[in-house]
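A look at the structure
Here is what each chain is made of, one letter per residue.
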Amino acid sequence: MSQIRTIEGHLQAEGLKFALIASRFNDFIVDKLISGAVDYFLRHGAEQENLTLIRVPGAFEMPLIAKKTAAQNQYSGLVCLGAVIRGATPHFDFVAAEVAKGLAQISLESGLPLGFGILTTDTLEQAIERAGSKAGNKGVEASQAVLEAVRVLEQLSPAS
Ligand code: INI
């Protein structure tokens with residue numbers, strides 16, 4: 001591949017502040033996502049006092065809390081962690097769609113990188129697989145994505 005000017009984010013989290021917004025619903029899964037996210041940031045140089053955990057009841061409440069958190073202008077990025085698991089009713093579809101749409105909108109409106117670490121799975125087994133077992137840990141992936149996005153944004157100066 002030819003060498004062209006490339007802007008990319010490094011994965012050093014020293015000095016950055018992150019809020020982890022995590023739901024209590026399905027907490028035995030979500031707790032694994034939180035552990036993965038915290039571990040990721042600490043291993044990449046973040047200071048413990050710069051990480052804040054905000055608990056919300058369920059994924060559906062996440063967009064509002066994320067919006068308020070973004071408006072505080074205290075954080076470099078947000079990581080949203082939750083698990084929406086399909087049940088016997090269409091409830092799953094409403095919750096999953098609203099949360100994804102709401103969080104994407106908040107990230108765009110606030111200009112703050114937001115990691116989407118919310119599992120949307122058909123079964124409990126699929127959720128377990130994505131919370132630190134054979135399919136990785138979505139909390140880690142979301143944290144890495146936010147850190148990389150923050151570092152890219154730092155290099156994109158506002159249009160003057
Ligand atoms: N919330 C979740 O975070 N995950 C789910 O799987 C879930 N299901 O399936 O019902 C869920 N529902 C609760 C919802 O997020 C709200 O907290 C609730 O409806 C109250 O507003």
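Residues numbered from 1 in each chain as written. Predicted model: local features only at pLDDT ≥ 70, side-chain atom pairs only at ≥ 80, totals over all residues. Heavy atoms only, no water.

**Here we look at unusual backbone geometry**
Non-glycine residue Asn 26 carries a positive phi angle of around 55 degrees. Among the structural elements, Asn 26 can be located in the loop between β1 (18–23) and α1 (27–43). Even without a glycine there, the phi angle at Asn 73 is positive, about 55 degrees. Considering the arrangement of structural elements, one finds Asn 73 in the loop between α2 (62–71) and β3 (77–85). The class for Asn 73 is exposed, based on a relative accessible area of 71%. (Helix = DSSP H or I, 4+ residues; strand = E, 2+ residues; numbered from the N terminus. Buried < 20%, exposed > 50% of the residue type's maximum accessible area, 1.4 Å probe, protein only.)

**So, a nonpolar patch on the surface**
A grouping of Ile 7, Leu 153 and Leu 156 is seen on the molecular surface, where their side chains present a nonpolar patch of about 240 Å² in accessible area. Among the secondary structure elements, Leu 153 is positioned in helix α5 (residues 138–154). (Patch = residues over 30% accessible without salt bridge, like charges linked within 9 Å, V, L, I, M, F, W, Y side chains within 5 Å. Areas by Shrake-Rupley, 256 points an atom, 1.4 Å probe, with all protein chains shown as cover. Salt bridge = Lys/Arg side-chain N within 4 Å of Asp/Glu carboxyl O.)

**Regarding the packing of aromatic side chains**
Summed over all chains, the structure comprises 2 aromatic pairs. Ring geometry for Phe 18 against Phe 41: centres 4.3 Å apart, planes inclined by 15 degrees, an arrangement best described as stacked. Taken together, the residues Phe 18 in strand β1 and Phe 41 in helix α1 connect sequence positions 23 residues apart. When sorted by exposure, Phe 18 lands in the same class as Phe 41, which is buried. For the ring pair Tyr 40 and Phe 41, a centre distance of 6.0 Å and an interplane angle of 75 degrees mean the geometry is edge-to-face. Grouping residues by exposure puts Tyr 40 and Phe 41 together as buried. What links up through ring pairs into an aromatic cluster is the set Phe 18, Tyr 40 and Phe 41. (Phe/Tyr/Trp six-rings, centres within 6.5 Å; stacked < 30°, edge-to-face > 60°.)

**Thoughts on helix α3 (residues 91–110)**
Here α3 contains 20 residues, and its C-alpha end-to-end distance of 28 Å stays within 8% of the 28 Å for a straight helix at 1.5 Å per residue. Within α3, burial applies to Phe 92, Val 95, Ala 96, Val 99, Gly 102, Leu 103, Ile 106 and Ser 107. For α3, the angular spread of the buried residues around the axis is 145 degrees, confining them to a single face. Of the exposed residues in α3, the ones pointing more than 90 degrees away from its buried face are Phe 94, Lys 101, Leu 108 and Glu 109. Backbone geometry just downstream of α3 places Gly 111 in the positive-phi region, at approximately 75 degrees. (Expected span 1.5 Å × (residues − 1). Arc of directions from axis to C-beta.)

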